[in-house]
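Results of the structural survey
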Amino acid sequence: MKFLGKTCALAASSLLLGFVARAQMIDNTQATSTTGAGINKSLSDEIGAGRGSIMTPGSSLYMINRDPFRSIRRGRQLFQRKFTQAQGQGPNVGDGVGDLNTDAGIAAGLTDSCAACHGRPRGSGGSGGNVATRPDSRDAPHLFGLGIREMLADEMTTDLRSTRDLAVSRAQKWKRSVTMPLFTKGVQFGSITANPDGTVDTSRVVGVDADLRIKPFFAEGSTISIREFVVGALHKEMGLEASSDPDLSTASAGGRVVTPSGMVLDGSKDKISAPPPPDAQNGNEIDPALVDHLEFYLMNYFKPAHYQQTDTTERGRAVFNRIGCGSCHVASMRINHDRRVADVETNYDTANGMFNSLFATANPLFYTQDDGSGFPLLKLPQGNSFLVKDLFTDFKRHDLGTNFYERNWDGTLQTRFLTRPLWGVGSTGPYGHDGRSMTLNDVILRHGGEALTSRNSFAALCGNDQNAVFAFLNSLVLFPPDDTASTLDPKNPAKPNFPQYGHGSIKLTVLFNDPTDLE
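All residue numbers refer to positions counted from 1 along the written sequence of the respective chain. Where totals are concerned, whole chains, interfaces and linings use all residues; where local detail is concerned, this predicted model gives features only for residues with pLDDT of at least 70, and gives and counts side-chain atom pairs only at 80 or more. Here the side-chain values reflect all heavy atoms present in the structure, with hydrogen atoms and water set aside.

**Looking at helix H12 (residues 463-474)**
We count it as follows: Strands are runs of DSSP state E lasting at least two residues, helices are runs of H or I lasting at least four, and both sets are numbered from the N terminus onward. Helix span is expected to be 1.5 Å times the residue number reduced by one. Buried, partly exposed and exposed residues are distinguished by accessible area as a fraction of the type maximum, computed with a 1.4 Å probe on protein chains only: under 20%, between the cut-offs, and over 50%, respectively. Residues count as neighbours in contact if any of their non-hydrogen atoms are within 4.5 Å of one another.
For H12, which comprises twelve residues, the first-to-last C-alpha distance of 16 Å matches the rise-based estimate of 16 Å (1.5 Å per residue) to within 8%. Taken residue by residue, H12 has Asp465, Gln466, Ala468, Val469, Phe470, Phe472 and Leu473 as its buried positions. Taken together, the buried residues of H12 touch helix H9 (311-322), helix H10 (440-446), helix H11 (452-459) and strand E19 (476-477).

If you want it as structure tokens, here you go:
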């Protein structure tokens, strides 16, 4: 099964499907224009039949399982949508009034769109501006490869907890304490000692909490799932309350659920964030179906690209590893069970690329199944193993020295932070979780603490080797999907008014069950 084959059959018609949508998009049913460059469905149409089931046409579960690329696209449109006050946007937490020591959400800025914070490059789930969620602020990170990060962190958690459970089992069987190393996907998290009475000593666990749950989201590592991230951001940054979310309600109360994107949330093992309370005027403002589409979109969101690879970038990679940077910025890890329905590989290609010299190749990761319902075939994730290349993180918390510390509102200091993945780093300056470092040189030399030896090794490099490291890091880039030609929508110089039209894009529309029904 190849996307390219389907694309060839639909390539001509795909060029007739309308102008590519832009960042922070207008709802065409609310505000009209000649270009029609906006969202084609109203918010009520995007809610459709609610969550429903795989047997409920128009519902999120039906779409995710039978028309998954439409769900991804709908999630993208919701991400770009400029929500209105009539739809519940605003005010933010406490309307900016309250005690920041007990609720840091009061400090969050108020916006009308996810893309307002995550909008660079344009039209992407990219990085963004500086936000006052801490006294020293935070930069909004990019969301490329977010689903990959959720899957890896979840599988690593399973490995660590399996090691803990094995140690307990052996200690009880052998009637003596048993110490075992905590090792997963090439990363060491210290060790754990189990005692015959079933208790465990976690004093030598490093880089993760004592419960061994890896939390891949936010600079300090405080959230485990995309769904929590989405509902929390809608609440804190947009004043939109998804108060009736059934998955977070169940899991936060101690239950176990599997979200529509396949993430297991088990409140008996992990602390899951509860949904926010209903809005005082509007009650619940975000239907669970909208959260389903946003979660599925981010689960399947593209990983970053590789720009031109040269002898210099390869030397930079080698130097990067030689001086020890790769001990924390681990290049590649393997996912055992991939929950995505597609992968997009984006690389430097001047022949097929257009505005940015990049070209994306889409590959299917789903299989079809006829459930005998008479509805469209189920399109389900294959669940295969997948090697994630050039992620560059170990998912551990580290102390990088006082230059990276930040103040909390209550006067305490945050001293440990997750190793930030370096994929996309060439597109995301300024650098650091707080945006205080203006250049790659600044942020590297800012390292201390556990990274001091590598920092000093970098500082001692000759100029050519330092420049090679910069070239390597700058080749790890993000891209605007609307402006990146792909196998789904190659560039077409014969298109009238090229290149404003026909420049190519990563257009999922051609993969819908009905490509003429635009999102």
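After that view of the structure, there is still more to cover.
**Thoughts on the nonpolar core**
To keep it simple, the criterion reads: Side-chain atoms within 4.5 Å link the members of a nonpolar core, which is a set of buried Ala, Val, Leu, Ile, Met, Phe, Trp, Tyr and Cys residues.
In this structure, Phe69 and Leu298 are the most contacted members of the largest nonpolar core, which totals 77 residues. Core analysis: the second largest hydrophobic core is formed by 21 residues, Leu422, Val425, Phe470 and Leu476 among them.

**A closer look at the pattern of salt bridges**
Worth spelling out the cut-off: We count a salt bridge whenever a side-chain nitrogen from Lys or Arg sits within 4 Å of a carboxyl oxygen from Asp or Glu.
Applying the stated rule across the entire model yields 42 salt bridges. A salt bridge links aspartate 371 to arginine 66, with the nearest nitrogen and oxygen atoms 2.5 Å apart. One end of the pair, aspartate 371, is in the loop between strand E12 (366-369) and strand E13 (378-381); the other, arginine 66, is in helix H3 (residues 60-66), and 305 residues separate them in sequence. Residue arginine 66 is classed as buried on the basis of its relative accessible area, which comes to 0%.

**Let's talk about helix H8 (residues 288-299)**
For H8, built from twelve residues, the straight-helix expectation of 16 Å at 1.5 Å per residue is met to within 8% by its first-to-last C-alpha distance of 16 Å. Most of H8 sits inside the fold, with twelve of its twelve residues counted as buried. For H8, the complete set of buried residues consists of Pro288, Ala289, Leu290, Val291, Asp292, His293, Leu294, Glu295, Phe296, Tyr297, Leu298 and Met299. In this structure, the buried residues of H8 make contact with helix H2 (43-47), H3, helix H4 (68-80), helix H5 (146-174), helix H6 (226-238) and helix H7 (246-252).

**What about the sheet that holds strand E4 (residues 187-194)?**
Heads up, the rule is: Pairing between strands is defined by DSSP: at least two bridges between the two strands are required. Helix axes use the C-alpha atoms of the stretch in contact, all axes being lines fitted to C-alpha atoms, and the angles between their N-to-C directions lie in the range 0 to 180 degrees.
With antiparallel pairing, three strands are arranged side by side in an open sheet as E3-E4-E5. The sheet is open, and its two edges are formed by strand E3 (178-184) and strand E5 (200-201), each paired on a single side. Helix-sheet contacts for H5 involve E3, E4 and E5, and the interaxial angle to E3 is about 165 degrees.

**Describing the state of the cysteines**
Inclusion rule: Here, two cysteine sulfur atoms that lie within 2.5 Å of each other are counted as a disulfide.
Applying the stated rule across the entire model yields zero disulfides. Unpaired in terms of disulfides, cysteine 325 finds its nearest cysteine sulfur in cysteine 328, a separation of 8.9 Å. Summary of cysteine pairing: cysteine 462 is not part of a disulfide, and the nearest cysteine sulfur, belonging to cysteine 325, is at 15 Å. Look at cysteine 462 and you get partly exposed, because its relative accessible area is 43%.

**Focus: the pairing of E4**
Across the eight residues of E4, seven count as buried, placing the element largely inside the fold. Looking at chain direction, E3 and E4 are connected through six bridges and run antiparallel. Residue pairing across strands places phenylalanine 183 opposite glutamine 188, the latter belonging to E4. Linking E3 to E4, which pair antiparallel, is a turn of two residues; within it lysine 185 sits at a positive phi near 50 degrees. Strand direction decides the pairing type here: E4 and E5, joined by two bridges, are antiparallel. Looking across to E5, one finds that threonine 193 is bridged to aspartate 201. Where E4 folds back onto E5 in an antiparallel hairpin, the turn is made up of five residues, including glycine 198, whose phi is positive at roughly 90 degrees.

By themselves, these figures tell us nothing about what the structure is for.
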